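What the coordinates show
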Amino acid sequence: MEKVVSPDSRWSWVEVNLAALRRNTQAFRRMLSRDVQMMCVVKADAYGHGAVPCAKTMHAAGANQFAVATVREGVALREAGIEWPILILSEPPVDCVDTLVEYDLMPAVYTADFALALGEAAASANRVARYHLAIDTGMTRIGVSREDVIELRRTIDFHRGLECAGTFTHFATADVLDDWDFALQLNRFREAVEALRGAGLDTGLVHCDNTPGTVMHPECHFDMCRVGIGLYGLHPADITRPRIELEPVMSVRGRVVRVVYPNVGDGVGYGLTWRVPKKNIQVATVPIGYADGLARELSNQMDVLVDGTRCRQVGNICMDQFMFAVDVNSARAYRPSRPVEYGDVVTILGADSDERISAEEMAGLRNTINYEVVCDFGMRLEKIYT
């Protein structure tokens with residue numbers, strides 16, 4: 001492994017490869033026609049990668065707009081100097097309408113009461129609040145029913161403080177090929193958009209494709225695509241892998257803070273769920289735990305990389321630390337070329353020489369998805385941008 005820079009305060013960190021992020025963004029940009037905008041999703045601190053540096057990199061690589069999940073996330077982007085349009089992907093509490101107006105954040109709208117309160121706040125500030133109309137086409141999560149879109153718009157459109165900047169829906173099964181439910185949602189969305197336009201109502205930018213939709217369904221790119229997990233080099237499903245080449249952006253690493261040769265039979269960690277089976281076994285400690293996103297359910301199940309070699313994690317993962325074992329005398333795998341030493345770099349997620357531990361591998365052990373894996377690691381670990 002090349003020389004690694006680590007934080008001074010704690011020997012555990014997330015590495016974010018901004019060059020890979022730029023290339024991924026450009027790869028998605030190339031999939032879109034010149035007249036189709038790209039909205040990059042940077043919610044949850046850019047899926048754990050750091051929203052502000054990622055947004056700046058994405059914009060330089062072709063992003064037009066950004067999307068977040070909460071008002072606080074939008075405010076943080078504005079206060080960091082992000083000036084481009086920002087969509088809140090759901091309708092927030094009505095109490096925050098003044099903040100939305102102050103920071104020029106576009107909320108999703110699907111209730112009249114919220115929309116009118118937003119309009120009043122904007123008019124009081126002599127401004128116009130832009131919003132995106134969210135339509136529920138079958139995912140049953142957020143949005144106005146497609147049967148009620150005309151009534152909602154006619155109820156709120158009189159207000160001088162409101163402007164519809166977009167109309168969107170979200171697919172539940174865009175990652176399933178030839179899926180009936182996807183086709184049904186798309187048809188419902190098309191009908192709703194046509195009904196709005198037929199009623200003389202401005203739809204703003206029409207968008208529905210998420211990451212798998214952008215890759216698999218160019219027929220519904222419409223005016224804009226919302227790209228999320230793929231930007232960070234992670235595929236939303238195996239079906240997208242042959243269609244676009246992506247590079248993982250996140251790696252998670254730590255350094256060994258203690259290494260010992262325990263006695264045969266000694267236990268490791270809370271509950272002593274692993275015991276030393278023979279002589280010449282090293283047990284090393286790394287300062288990353290479940291409070292850092294390394295799920296406790298991975299205990300005694302996962303590998304880490306040391307000098308390009310897999311080593312088995314042992315004992316229950318603690319809140320702030322975990323342990324792994326090295327069989328010094330073994331001629332088989334799971335043994336680095338030399339004994340482990342204090343300060344050695346350990347890769348929890350990412351590549352070391354020819355070996356890689358992917359978010360998909362870790363997700364499989366946790367019975368979850370790669371999205372959750374990277375989001376969890378972004379909670380507490382310091383980020384280093386390369």
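Refer to the structure printed above.
First things first, this report covers the structure right here in the doc. (Residues numbered from 1 in each chain as written. Predicted model: local features only at pLDDT ≥ 70, side-chain atom pairs only at ≥ 80, totals over all residues. Heavy atoms only, no water.)

**Thoughts on the pairing of strand 3 (residues 65–68)**
- Residues Q65 and A67 of strand 3 are buried on one face, and the alternating residues F66 and V68, pointing to the opposite face, are buried as well.
- Bridging between strand 2 (residues 37–41) and strand 3 involves three bridges; their strand directions are parallel. Counterpart to M39 in the pairing with strand 3 is Q65.
- In the sheet, strand 3 pairs with strand 4 (residues 86–88) via three bridges, with the strands oriented parallel. Of the residues in strand 4, the one forming a bridge with V68 is I88. (Buried < 20%, exposed > 50% of the residue type's maximum accessible area, 1.4 Å probe, protein only. Helix = DSSP H or I, 4+ residues; strand = E, 2+ residues; numbered from the N terminus. Pairing = 2+ DSSP bridges.)

**Notes on the environment of V286**
- By the secondary structure assignment, V286 is in strand 15 (residues 281–286).
- Separated by 27 residues in the primary sequence, V286 and V259 place their C-alpha atoms 9.4 Å from one another.
- Setting aside anything within four residues of it in sequence, one finds V286 in contact with G254, R255, D320, Q321, F322, F324 and V346. (Contact = heavy atoms within 4.5 Å.)

**Details of helix 6 (residues 112–124)**
- End to end, helix 6 covers 18 Å across 13 residues, agreeing with the expected 18 Å (1.5 Å per residue, within 8%).
- For helix 6, the set of buried residues is F114, A115, L118, G119, A121, A122 and A123.
- Buried residues in helix 6 make contact with helix 5 (97–102), strand 5 (106–109), strand 6 (129–136), helix 7 (149–156) and strand 8 (162–168).
- N126 sits one or two positions beyond helix 6 and adopts a positive phi of about 55 degrees. (Expected span 1.5 Å × (residues − 1).)

**With respect to the packing of helix 1 (residues 18–31) against helix 3 (residues 51–60)**
- Between helix 1 and helix 3, the shortest axis-to-axis distance is 9 Å and the interhelical angle comes to 45 degrees. Relative to helix 3, the element helix 1 lies oblique. Seen from above, helix 1 lies across helix 3 with right-handed handedness. Where helix 1 abuts helix 3, its residues L18, L21, R22 and T25 lie against P53, C54, T57 and M58. (Axes fitted to C-alpha atoms, helices over the stretch in contact; angles between N-to-C directions. Parallel < 35°, antiparallel > 145°, perpendicular 65-115°, else oblique. Left-handed = near helix turned anticlockwise from the far one by under 90°.)

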